[in-house]
There are 2 protein chains.
Amino acid sequence: MWRTSHYYRRDMLVSELETPALLIDLNVMEANLSRVAAYARNHDLRLRPHTKTHKSTAVGKLQLASGAAGLTVAKVGEAEVMIGAQPPELLVAYPVIGRSKLDRLMEVAPKTKLTVALDNLFCAQQLAEAARRARVDVGVLAEVDVGLGRVGVQPGEQLVQLAISIDRLPRLKLEGIAFYPGHIKSNDEQGERDLKSLSALVQSILADFKRAGIELKIVSGGSTPALFHSHEVEGVNEIRPGTYIYNDMNTVMSGGCGLEDCAASIMATVVSTAKTGQMIIDGGSKTFSSDRLNLSSEVTFGRLKEAPEAQFTKMNEEHGYVDIRRAQREFQIGDRVNVIPNHVCVAVNLHENVYGVRNGEVEQV
Amino acid sequence: MWRTSHYYRRDMLVSELETPALLIDLNVMEANLSRVAAYARNHDLRLRPHTKTHKSTAVGKLQLASGAAGLTVAKVGEAEVMIGAQPPELLVAYPVIGRSKLDRLMEVAPKTKLTVALDNLFCAQQLAEAARRARVDVGVLAEVDVGLGRVGVQPGEQLVQLAISIDRLPRLKLEGIAFYPGHIKSNDEQGERDLKSLSALVQSILADFKRAGIELKIVSGGSTPALFHSHEVEGVNEIRPGTYIYNDMNTVMSGGCGLEDCAASIMATVVSTAKTGQMIIDGGSKTFSSDRLNLSSEVTFGRLKEAPEAQFTKMNEEHGYVDIRRAQREFQIGDRVNVIPNHVCVAVNLHENVYGVRNGEVEQV
């Protein structure tokens, strides 16, 4: 990401870029960065942003400069890249399985303070064994499921036992617990109720550990939709939001940000208007991803900034079908549109280049 | 694609590969290749396979060696790569818009017999202008919509007029017409009816051209689901299937192939079994794509070869949720599973490496 493209000059105008092109409005991105950094600072929350959204060492460095304690990644390949941002701490928020990956991870370990989140003893034993071979120490967060039903053991005795077992393994040090409240998707009354339940659950988890005499340095939670309510979950002292750096239509739908906070858009060109009431743009599932819009019964794949009433309803690999019957303007072949994607993390993953733009000029790539 | 990976040795066993890994069973791929080549030969159909499925010059060369007249691509970047397979003919089955892309395409033109499919005069004029600047000649197929409602003008006067206008432009030569019968998705009675309508429509289109005194050298259609019925569409003399080289669950669902004809699978590792009746595998929307299964009301993201009764029902970016309550076997953390993706073209697009395997060994990468 942010690699120099073959067809890019430093003083290029956005209008000169080929489409489809993933653009980041740097002013908006910087505002997102500052807002979340200030929020974390004000509420005394450690910020360890998840870099799977941008996969860029340049952006990782900006996050660290704005006050992040460290960075988070989801896989070994991301850890190998993100070490380039020189994070003082790196969290791998994913159970790493298999000798080959673990050995690669152990080469990253000496360059930062490495922590791995995991939810089972098999994984912890493999990690300890790899750490022993590499003669490094690794921190561990015991992962607990607080409602998403993905990874993480159940709260209660199971979690405490996992934590105790981890801490007994050589070369591993239990630093705390981690969870991902991905089941909280909205900022409405339902979201509020879910947050209150979560807060009560975390309290009871912390009481379990207190009874067991185990000190948890880190209680790590946080996602983008519920980001600005993280301080309401009592006991949490670290957040790991990812999407906030760019935001997307799903964040807008969740109430986690406004349309004006979306830094990322995909610029596409109208390539056919052969069918009345419809236009085809030069991007489909290989450009936007097939991720549908959350919290909506309508199937749409992004919002056109130039025509919010248009409906991006269908995709093939390289074709986007936009229903323009309700649009307030006409489009011609060759016109360019800017589409805010539903899910920016997977869209970024599909692009070789990400163009940072400010006032119509390409500033960073 | 098929690039040498950092962690790959030539004599590697499949069991030594890191996951997630996209594997191609070379025996199955070769059988798919031969079967379609033989079908095209037997029915006197030119075969110009779409390479967007594999994006590999190695596979493109195999297609040419098996008797393909040329290759098809969807974009300029693909044309630049696929010229490496030295195709005698290259079809860009996509309207190319914008000077920068057209100039890049004109650099490809001298290396092959280049043809572009397009559906509007603006695009044809831009193409003619680029060809004039580059002093090359370019063939054109006039694109007609036969029911999908994507690109292509309507059959009748509009199509004939487009063809006439194209042929009048300097440096362009009208070679024929192209269409994509993507609306035919099944091999059942509905599919049969759709094919009959399509055949009648093509007949009427050809009659229009005959009346206008225009000779069409190429009548190009064909997709993977209806592939083996292409000869039933009277007048068609070229097919451009793409997915057939690997096949996927959507092809299986369409009746276009059997499960045993699926050459591609994604090998993943079980990383968590924390939730009863469910396992998490180390691949999600960044590995499989979010493409759902066509022609099915159930939301699933691929079929596990090791447990066909398991339901791959949900994904996040790096997590796959597999419901194993109906599975006939148990899974442990560290177990590997092989998943046939719903839509192989977008899955291939997500992977840095594609591993060709035969009898458990990695033969080509």
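Please read these numbers as outputs of a predicted model, since none were measured by experiment.

Enquirer: Got a sec to walk through the overall build of chain A? Specific residues and values, please.
Expert: Within chain A one finds 10 helices and 17 strands. Here the C-alpha radius of gyration of chain A, 22 Å, is about what a compact globule of 365 residues would show, namely 21 Å. With the principal axes as the frame, chain A shows a C-alpha extent of 70 × 45 × 35 Å. Here the contacts in chain A between residues at least 6 apart in sequence split such that 69% fall between residues at least 24 apart.

Enquirer: Provide a residue-level description of unusual backbone geometry, including the pertinent values.
Expert: All names here are of chain A. Cis rather than trans, the peptide bond between Thr19 and Pro20 has omega equal to -10°. By secondary structure assignment, the location of Pro20 is in the segment before strand 1 (21-25). Although it is not a glycine, Asp44 sits at a positive phi angle of roughly 60°. Following the sequence through the fold, Asp44 ends up in the loop between helix 1 (26-42) and strand 2 (46-47). In this structure, Leu295 takes a positive phi of about 55° despite not being glycine. In this fold, Leu295 is placed in the loop between helix 9 (285-288) and strand 12 (302-304).

Enquirer: Would you mind going over the confidence of the model for chain A in detail, with residue names and values included?
Expert: Residues at a pLDDT of 70 or more form 98% of chain A, whose mean pLDDT is 95. The low-confidence segment residues 1-6 of chain A (pLDDT under 50) makes 24 contacts with residues lying over four places distant or belonging to another chain.

Enquirer: Could you give an account of the relation of the copies chain B and chain A, with specific residues and numbers?
Expert: The transform that puts chain B on chain A rotates by 180° and translates by 0.0 Å along the axis, for an RMSD of 0.0 Å. In short, the pair behaves as if placed about a two-fold rotation axis. Within chain B, Ser290 of chain B has its C-alpha nearest the rotation axis, a separation of 2.5 Å. When the interface residues of chain B are mapped onto chain A, 100% of them again lie at the interface, so the same face is used by both copies.

Enquirer: Tell me what's going on with the packing of helix 4 (residues 99-108) of chain B against helix 5 (residues 121-134) of chain B, and back it up with residues and numbers.
Expert: Residues and elements named next belong to chain B. Relative orientation of the contacting elements helix 4 and helix 5 amounts to 50°, with a least axis distance of 9 Å. Relative to helix 5, helix 4 is oriented oblique. Regarding helix 4 and helix 5, the two cross each other, and that crossing is right-handed. Across the interface between the two elements, Arg99, Leu102, Asp103 and Met106 of helix 4 pack against Gln126, Leu127, Ala130, Ala131, Arg133 and Ala134 of helix 5.

Enquirer: Break down the sheet that holds strand 8 (residues 218-221) of chain B for me, with residues and values.
Expert: Two pairing modes exist for strands in a sheet, parallel and antiparallel, and in both the strands are linked by backbone hydrogen bonds. All names here are of chain B. Taken together, eight strands build an open sheet; the order of strands is 2-9-8-7-6-5-4-3 and the sheet is parallel. Looking along the sheet, the strands with just one partner apiece sit at the ends: strand 2 (46-47) and strand 3 (71-73). Pairing of strand 4 (residues 89-92) with strand 5 (residues 113-118) involves four bridges; the strand directions are parallel. Its bridge partner being in strand 5, Leu90 is matched across the sheet by Leu114. The strands touched by helix 4 are strand 4, strand 5 and strand 6 (138-143); relative to strand 5, the strand with the most contacts, the crossing angle is about 145°.

Enquirer: So what about the packing of aromatic side chains? Which residues, and what values?
Expert: Scanning the model with the defined rule gives six aromatic pairs over all chains in all. The interplanar angle of 75° and the centroid separation of 5.3 Å between the aromatic rings of Tyr39 of chain A and Phe228 of chain A together place this pair among those described as edge-to-face. Separated by 189 residues along the polypeptide, Tyr39 of chain A in helix 1 and Phe228 of chain A in the loop between strand 8 (218-221) and strand 9 (238-239) bring together distant segments of the chain. We classify Tyr39 of chain A as buried; its relative accessible area is 7%. Ring plane angle 80° and centroid distance 5.0 Å describe the contact between Phe288 of chain B and Phe312 of chain B, whose orientation is recorded as edge-to-face. With a gap of 24 residues between them, Phe288 of chain B in helix 9 (residues 285-288) and Phe312 of chain B in strand 13 (residues 311-315) connect regions that are remote in the sequence. Phe288 of chain B sits in the buried class, given a relative accessible area of 2%. Put simply, the rings of Phe288, Phe301 and Phe312 of chain A touch in pairs and so form one group of aromatic residues.

Enquirer: Explain the interface of chain B and chain A to me, using residue names and the numbers behind them.
Expert: Counting residues at the interface gives 54 residues for chain B and 54 residues for chain A. The contact between chain B and chain A buries some 4300 Å² in all, and 51% of this surface belongs to carbon and sulfur atoms. Of all residues in chain B, Tyr94, Arg150 and Lys286 of chain B bury the most surface against chain A, accounting for 15% of the area lost on that side. Salt-bridge contacts for Lys101 of chain B lead to Asp282 of chain A; the nearest nitrogen and oxygen are separated by 3.3 Å. The tally of links between chain B and chain A comes to 28 residue pairs in polar contact (both at pLDDT 80 or more).

Enquirer: Could you give an account of the pattern of salt bridges, with specific residues and numbers?
Expert: For side chains of opposite charge, pairing can occur when their charged atoms come near one another. Counted by the stated rule, this structure contains 46 salt bridges over all chains. Ionic pairing is found between Glu318 of chain A and Lys75 of chain B, a salt bridge with its closest N-O pair at 3.1 Å. Of this pair, Glu318 of chain A sits in the loop between strand 13 (311-315) and strand 14 (320-323) while Lys75 of chain B is found in the loop between strand 3 and helix 3 (76-82), placing the two residues in two different chains. Taking the relative accessible area as the measure of exposure, Lys75 of chain B reaches 32% and is therefore partly exposed. A salt bridge links Arg35 of chain B to Asp261 of chain B; its shortest N-O distance comes to 3.6 Å. Of this pair, Arg35 of chain B sits in helix 1 (residues 26-42) while Asp261 of chain B sits in the loop between helix 8 (249-254) and strand 10 (264-272), and the two are 226 residues apart along the sequence. Here the salt bridges share partners, and the residues they tie into one network are Arg99, Asp103, Glu129, Arg132 and Arg133 of chain A.

Enquirer: Could you give an account of the domain arrangement of chain A, naming the residues involved and the relevant values?
Expert: Residues and elements named next belong to chain A. Parsing chain A into structural domains produces domain 1 (26-246) and domain 2 (259-364). On a C-alpha basis, the centres of domain 1 and domain 2 stand 32 Å from each other. For the pair domain 1 and domain 2, the summed buried area comes to about 1300 Å², and 58% of that belongs to carbon and sulfur atoms. At the junction of domain 1 and domain 2, the tally comes to two salt bridges. Applying the counting rule to domain 1 against domain 2 returns six residue pairs in polar contact (both at pLDDT 80 or more). Take the side of domain 1 that touches domain 2: its biggest share by element is seven residues, from helix 1.

Conventions adopted
- Residues numbered from 1 in each chain as written.
- Chains lettered and ligands numbered in written order.
- Predicted model: local features only at pLDDT ≥ 70, side-chain atom pairs only at ≥ 80, totals over all residues.
- Heavy atoms only, no water.
- Helix = DSSP H or I, 4+ residues; strand = E, 2+ residues; numbered from the N terminus.
- Rg over C-alpha atoms; globule rule 2.2 N^0.38 Å.
- Contact = heavy atoms within 4.5 Å.
- pLDDT = per-residue confidence, 0-100.
- Least-squares fit on C-alpha atoms with pLDDT ≥ 70 in both.
- Axes fitted to C-alpha atoms, helices over the stretch in contact; angles between N-to-C directions.
- Parallel < 35°, antiparallel > 145°, perpendicular 65-115°, else oblique.
- Left-handed = near helix turned anticlockwise from the far one by under 90°.
- Pairing = 2+ DSSP bridges.
- Phe/Tyr/Trp six-rings, centres within 6.5 Å; stacked < 30°, edge-to-face > 60°.
- Buried < 20%, exposed > 50% of the residue type's maximum accessible area, 1.4 Å probe, protein only.
- Buried area = accessible area lost by both parts, 1.4 Å probe.
- Salt bridge = Lys/Arg side-chain N within 4 Å of Asp/Glu carboxyl O.
- Polar contact = N/O pair within 3.5 Å; in protein donor to acceptor, adjacent residues only side chain to side chain.
- Domains from an automatic or database assignment.

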